[in-house]
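A look at the structure
Each chain, written out:
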Amino acid sequence: MKLQDPDLFRNAALIGGSWRARPEMTVTDPATGETLGSLPDCTAEETDEAIAAAARAMTGWAARTHADRADLLMRWYHLILDNTEDLARILTAEQGKPLAEARGEVAYGASFVRWFAEEARRINGRIIPSPVQGKKIFAMKEPVGVCAIITPWNFPIAMITRKVAPGLAAGCTMAVKPSDFTPCSALALAVLAERAGIPAGVLNILTGRPEAIGGALTRSPVVRKLSFTGSTRVGALLAEQCAPTLKRLSLELGGNAPFVVFDDADLDAAVEGAMQSKFRNGGQTCVCANRIMVQSGIHDAFVAALAARVDGLRVGPGTEAEADIGPMINPAAIEKIAAHVADALDRGATRVTRTRDLSGQYADPVVLTGAATTMRLASEETFGPVAPIFRFDTEEEALELANGTPYGLAAYFYTRDMARAFRFGEALEFGMVGLNTGLLSHEVSPFGGVKASGLGREGAQEGIEEYLETKAFHFGGL
Ligand code: SIN
């Protein structure tokens, strides 16, 4: 990996402003299997140290003016953008996504830092008219306190900034545990945060395996909030572990997004949206179209156009300029994808795209027709480049299919009928709905799900509220 600034590639955890290097846990390049680095596997005791450092830093950080915190975040934002190329190279090396997508993620991640730098100055309380004479009541906003942040491997930069930036803007301090597959992007962000002037102890990064670190973070009474992005199974487990200390929770969990194409849709736009929604990050996103539902009248034209686009996708190392899809994150991902495709074919699906000769951690992008609710891919997130097409006839049928999942993160649909647009959009039981668009991810828009897809919202105005408590301050005797 050639970096303009090699100092951004750290093999150390950051606790209370000191970098700790211990070669205990290797990070590998999913494209080659080569070792990129070796980092500390932080212990429960080190996690407690990071929490204590965050608690000490909290007093000074929360006492700063909002404008001061906003300025520091804005400095961090500019440093992230200035170092886009190096950050993208580190991201691609440890996560696998093509460099062009990695650069896009750096910009996406930076957009949260800018947004919450701006929001930091607008954390207002309110004055409530008192029902009794001689009294005034203030509703004041205060930082929640020390926060635990646990982030996934699929967006190693954006998932950190989407949580850390609002927390820092609100006046909280953080103990962050990035995925053990992709810790180096988080560490590079922390180097830049230091350079921006964010004080020691405000942002701590714990590298290592989840059990010891997660156990200590959830057990600690000092930690007042946990924000996690990952699977519903792990989210539920963390919520259980947080219950004895009653922490605030933000959980961005699994999805099983329907992508519905009605007969009256703009075909080209629907195919473009499906490509964006399904194949971004090789299908490894929580908001990926997992079930593509197409009405009978447009079905064959849509399948032909989508298959042609998928046949044109190039699979290869993310560092190769022409790659559209990089390697999947690990062998388990490849096994799950293969199992979903095999199960669908066994149960009557038809493959309508070409077969590539791939090995290692590469998955073959595929379109399958004849998908049915009995198949594994109908009820489980595939998290890979598999596009199953379910055929439907009526709007009622489409709604039942779309809502027929315990998950409720993202849903997409394509129609040019405005009455249906409102009717169908309102009836979808999801936290985010895209009408005639395959992209829902912007810093200005609330991101999060309902049902088994989690609790709380990230980004937008809502994102900062997750890191604020309201104190009712009653002034008597006036
Ligand atoms: C996710 O997959 O968890 C995040 C995707 C996004 O922010 O668009």
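Everything in this summary refers to the structure shown in the same document. Quick caveat: nothing in here was measured; it's all calculated off a predicted structure.

**Concerning the overall build of the chain**
- Across its full length, the chain carries 15 helices and 22 strands.
- In summary, the chain has a C-alpha radius of gyration of 23 Å against a globular reference of 23 Å for 478 residues, a match within 12%.
- Counting only C-alpha atoms and orienting by the principal axes, one finds that the chain spans roughly 70 × 60 × 40 Å.
- Scored against the burial criterion, the 478 residues of the chain give a buried share of 57%.
- Long-range pairs, those at least 24 residues apart, make up 74% of the contacts in the chain with a sequence separation of at least 6.
- In the structure as shown, the chain presents an accessible area of about 18500 Å², 54% of it carried by carbon and sulfur atoms.
- Counting 47 positive and 57 negative side-chain charges, the chain places the averaged centre of each group 6 Å from the other.

**Things to note about the site of the ligand**
- Y108, N154, F155, M159, R162, T229, E252, R280, T285, C286, S441 and F447 make up every residue found near the ligand.
- Between an oxygen atom of the ligand and a side-chain N or O atom of R280, the distance comes to 2.9 Å.
- Interatomic distance of 2.7 Å between a backbone N/O atom of C286 and an oxygen atom of the ligand.
- Considered on its own, the ligand offers 260 Å² of accessible surface; in the complex 100% of this is hidden by protein.
- By residue class, the composition of the shell around the ligand is 5 nonpolar, 4 polar and 3 charged.

**Some thoughts on the pairing of strand β16 (residues 386-392)**
- Counting buried positions over the 7 residues of β16 gives 6, a clear majority of the element.
- Taken together, the 4 bridges between strand β13 (residues 289-295) and β16 define a ladder with parallel strand orientation. Of the residues in β16, the one forming a bridge with V294 is R391.

**Examining the packing of aromatic side chains**
- Under the criterion given, the structure shown has 9 aromatic pairs.
- An angle of 90° between the planes, with centres 5.0 Å apart, marks the rings of F262 and F424 as edge-to-face. Of this pair, F262 sits in the loop between β12 (257-261) and α9 (267-279) while F424 sits in helix α14 (residues 418-427), and the two are 162 residues apart along the sequence.
- On the basis of relative accessible area, F424 is assigned to the buried category, the value being 1%.
- The structure contains a cluster of three or more aromatic residues connected by ring pairs, namely F262, F392, F413 and F424.
- The ring of W19 has R10 lying over it, and the distance from NZ or CZ to the ring centre is 4.5 Å.
- Between the NZ or CZ atom of K97 and the centre of the ring of F155, over which it lies, the distance is 4.0 Å.

Conventions used here
Residues numbered from 1 in each chain as written. Predicted model: local features only at pLDDT ≥ 70, side-chain atom pairs only at ≥ 80, totals over all residues. Heavy atoms only, no water. Helix = DSSP H or I, 4+ residues; strand = E, 2+ residues; numbered from the N terminus. Rg over C-alpha atoms; globule rule 2.2 N^0.38 Å. Buried < 20%, exposed > 50% of the residue type's maximum accessible area, 1.4 Å probe, protein only. Contact = heavy atoms within 4.5 Å. Areas by Shrake-Rupley, 256 points an atom, 1.4 Å probe, with all protein chains shown as cover. Lys, Arg positive; Asp, Glu negative; His and termini not counted. Charge placed at Lys NZ, Arg CZ, Asp CG, Glu CD. Near = heavy atom within 4 Å. Polar contact = N/O pair within 3.5 Å; in protein donor to acceptor, adjacent residues only side chain to side chain. Nonpolar A, V, L, I, M, F, W, Y, C, P; charged D, E, K, R; others polar. Pairing = 2+ DSSP bridges. Phe/Tyr/Trp six-rings, centres within 6.5 Å; stacked < 30°, edge-to-face > 60°. Lys NZ or Arg CZ within 6 Å of the ring centre and 35° of its normal.

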